[in-house]
Amino acid sequence: MEKLFEIFSPNIVSALGWTLVHSLWQGILLSLIYAISLNFIKSSEKKYFLGISLLFLQIIFSTITYFSVYESASNI
């Protein structure tokens, strides 16, 4: 862990850690949305599109979380 602090600033390491923590509940929420939506969608093409869209949303949410956590850590 100390090597990480030697390579990156503490703000970056903290932001990455909190992003990982937040990505867990965000991923669970998106998985629940997907599981519930599967009951209403019959077309396999629409299920595939929804799955890919939610994976893309996971990347967007994690990126937004990282920058918001990094910004708040930099202001302290």
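Because the structure is predicted, anything quoted here is derived from the model rather than measured.

Turning our eyes to something else, we now look at the side chain of Gln-26. Within the fold, Gln-26 resides in helix α2 (residues 10–38). If we ignore the near neighbours within four places in the chain, the residues touching Gln-26 are Gln-58, Phe-61, Ser-62 and Thr-65.

With that out of the way, let us pick up α2. Between the first and last C-alpha of α2 there are 42 Å, a value that for 29 residues agrees with the 42 Å anticipated at 1.5 Å per step. What α2 keeps buried is the set Val-13, Ala-15, Thr-19, Ser-23, Gln-26, Gly-27, Leu-30 and Ser-37. Close packing links the buried residues of α2 with α1 (2–7) and α3 (44–74).

Turning our eyes to something else, we now look at the packing of α2 against α3. Following both chains from N to C, one finds α2 and α3 inclined at 155 degrees, their axes separated by 8 Å at the closest point. Judged on the interaxial angle alone, α3 and α2 are roughly antiparallel. Classified by chirality, the crossing of α3 by α2 is right-handed. A class-by-class count of the residues in the contact of α2 with α3 yields 16 nonpolar, 13 polar and one charged.

The next subject is the packing of aromatic side chains. All chains considered together, the criterion is met by two aromatic pairs. Ring centres 5.2 Å apart and planes at 75 degrees place the aromatic pair Tyr-66 and Phe-67 in the edge-to-face group. With 6.0 Å between their ring centres and 15 degrees between their planes, Tyr-66 and Tyr-70 make a pair best called stacked. Remark: Tyr-70 and Tyr-66 occur in helix α3; sequence separation between them is four residues, near one turn of the helix. Look at Tyr-66 and you get buried, because its relative accessible area is 19%. On the basis of relative accessible area, Tyr-70 is assigned to the partly exposed category, the value being 29%. Connected via pairs of aromatic rings, a cluster forms that spans Tyr-66, Phe-67 and Tyr-70.

Cut-offs used in this document
- Per chain, residue numbering runs from 1 following the sequence as it is written.
- Confidence filtering applies because this is a predicted model: local features only for residues at pLDDT of at least 70, side-chain atom pairs given and counted only at 80 or more, and all residues used for totals across whole chains, interfaces and linings.
- For side-chain calculations, the full set of non-hydrogen atoms in the structure is used, while hydrogens and water are omitted.
- Counting from the N terminus, the helices are DSSP H or I runs at least four residues long and the strands are E runs at least two residues long.
- Any two residues whose heavy atoms approach within 4.5 Å are treated as being in contact.
- Given the number of residues in a helix, its expected span is that number minus one, multiplied by 1.5 Å.
- Type-normalised accessible area, obtained with a 1.4 Å probe on protein chains alone, sets the label of each residue: buried when under 20%, exposed when over 50%, and partly exposed for intermediate values.
- Fitted lines through C-alpha atoms give the axes, limited to the stretch in contact for helices. The angle between two N-to-C directions lies from 0 to 180 degrees.
- When an angle is under 35 degrees it counts as roughly parallel; over 145 it counts as roughly antiparallel; between 65 and 115 it counts as roughly perpendicular; any other value is oblique.
- The hand of a helix crossing depends on one turn: near helix anticlockwise from the far one by less than a right angle means left-handed, and clockwise means right-handed.
- In this classification, Asp, Glu, Lys and Arg are treated as charged, Ala, Val, Leu, Ile, Met, Phe, Trp, Tyr, Cys and Pro as nonpolar, and every other residue, Gly included, as polar.
- Pairing of aromatic rings covers Phe, Tyr and the six-membered ring of Trp, with a centre-to-centre limit of 6.5 Å; geometry is then stacked below 30 degrees between planes, edge-to-face above 60, and tilted otherwise.

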